[in-house]
Amino acid sequence: MKTNISTKIIQIAEKYHEICKGCNICTKGCILLKDYVKHPKEFLKSLYEEKNIDNKLPYYCFSCNVCKNLCPSEVDFNKLFMEAKKKYQEVKKPPQKHFIIRNHQRLSSSKIFSTVKGKSAVGFMPGCSLSSFDPDLVTKIHDLLKSKYHNSSLILKCCGNPSYSIGEIERFNRMYNSLNSSLEENGIEHVITACQSCYKTIKENSPKLKVTSLWEELKSFNLPKLNIKDEFFIFDSCTADENIRKSIREIARKLNIKVENNEVVKSSKCCGLGGCVHAINSDIFKSNLKEQEENIKSEKVLTYCAGCRDALSNVKDAFHILELIFNSDNLKPKAPTKTSKAWLNRLKLKAR
């Protein structure tokens, strides 16, 4: 089904068509563009000439910016598709399959799962995925941060990024305003995040707050020297900036981990959870995972995003870097976290 697009989207398409070189480099890095768009320059032209778009297509975008990073002209399909999602939310009922994301956001913003513990100017925000994966790891890393920041607060709140990713800007604003109000009420001036999406979202929406990544903080701590013979592939979070990527490799060196890909690259493919694509198109999610499996030589993958760990554990032995730091004596690959287990873990964390 086709949906009419706004004047703003038409203008973006015209601009991108003008600067697009037709080289199709972006299709080599993005499975959405390769399988569903095929010829980006022709697609952009059809958008501003026909003034409509397949109403499902924008929701197949992982929002990872790999297209922009690969493109010599910096054509940004994420920006284009995000505008289309926002427009669709204004005029149509949202896609039914996104009920999973909406339920997640309702629960994440509810008093059942969200709170801020402690009164300190510094707060640690683990994010939804890490809290869902392993509450023990959250407690251990928070205790380590306390050795530097004393009584640092624990922020068990959602930044609302999933709502933003599917174009539900009104819900996102409500959730983010709730988070921001909680930070102000608890006197938090410095937020340390373990989640790259939280890091990016807070930096963009609260410029007066000091925001640092856990990984930039962690590289200054004394870390254990591990005796692990296996080689790991570092799977970079697609939302991580260059400083975070460098920090992870420095941490890996301190841990004495053998790494397949020491170089820091500007762009990395999404694990498949970006843009909440998995909820609406399981085929593209699985195809993306298959590509990841084929492109990673090592049997073991090292992640610093619990969402990436969950996704990649479908095809590789995937570990979160905090598992290596705190659980190296009993390091065993885990299956993707089941939904019921994820919510139970978040309840356990809040109850501590």
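Report on the accompanying structure. Predicted model, so just to flag it, every value in this text is computed and none were measured. (Residues numbered from 1 in each chain as written. Predicted model: local features only at pLDDT ≥ 70, side-chain atom pairs only at ≥ 80, totals over all residues. Heavy atoms only, no water.)

Another aspect to go through is the overall build of the protein chain. The helix and strand tally for the protein chain stands at 18 helices and 11 strands. By the compact-globule yardstick of 20 Å for 352 residues, the protein chain fits well, its C-alpha radius of gyration being 20 Å. With the C-alpha coordinates aligned to their principal axes, the bounding extent of the protein chain is approximately 60 × 45 × 35 Å. Expressed as a percentage of its 352 residues, the buried residues of the protein chain come to 55%. In the protein chain, 72% of the contacts between residues at least 6 apart in sequence involve partners at least 24 apart. Roughly 16500 Å² of accessible area belongs to the protein chain as shown, and the carbon and sulfur atoms make up 48% of that amount. Side chains of the protein chain carry 59 positive and 39 negative charges; the gap between the two charge centres is 4 Å. (Helix = DSSP H or I, 4+ residues; strand = E, 2+ residues; numbered from the N terminus. Rg over C-alpha atoms; globule rule 2.2 N^0.38 Å. Buried < 20%, exposed > 50% of the residue type's maximum accessible area, 1.4 Å probe, protein only. Contact = heavy atoms within 4.5 Å. Areas by Shrake-Rupley, 256 points an atom, 1.4 Å probe, with all protein chains shown as cover. Lys, Arg positive; Asp, Glu negative; His and termini not counted. Charge placed at Lys NZ, Arg CZ, Asp CG, Glu CD.)

Right, let's talk about helix α15 (residues 282-295) for a bit. Along its 14 residues, α15 runs 20 Å from first to last C-alpha, staying within 8% of the 20 Å computed at 1.5 Å per residue. Where α15 is concerned, the buried positions are Ile284, Phe285, Asn288, Leu289, Glu291 and Gln292. Seen along its axis, α15 keeps its buried residues to an arc of 160°; they face one direction. Structural note: α15 exposes Asp283, Lys286, Lys290 and Glu294 on the side pointing more than 90 degrees away from its buried face. Residues of α15 that are buried in the fold lie against α3 (31-37), β8 (231-235) and α16 (306-312). Of the residues that open α15, the one with a side-chain oxygen 3.1 Å from the backbone nitrogen of Asp283 is Asn281. (Expected span 1.5 Å × (residues − 1). Arc of directions from axis to C-beta. Polar contact = N/O pair within 3.5 Å; in protein donor to acceptor, adjacent residues only side chain to side chain.)

A word on the packing of aromatic side chains. Applying the stated rule across the entire model yields 10 aromatic pairs. Among the aromatic side chains, those forming a connected cluster through ring pairs are Phe43, Phe77 and Phe81. (Phe/Tyr/Trp six-rings, centres within 6.5 Å; stacked < 30°, edge-to-face > 60°.)

Moving on: a positive patch on the surface. A cluster of basic side chains, namely Lys15, Lys68, Lys79 and Lys266, defines a positive patch on the protein surface. Relative to the elements of secondary structure, Lys79 occurs in helix α6 (residues 77-91). (Patch = residues over 30% accessible without salt bridge, like charges linked within 9 Å, V, L, I, M, F, W, Y side chains within 5 Å. Salt bridge = Lys/Arg side-chain N within 4 Å of Asp/Glu carboxyl O.)

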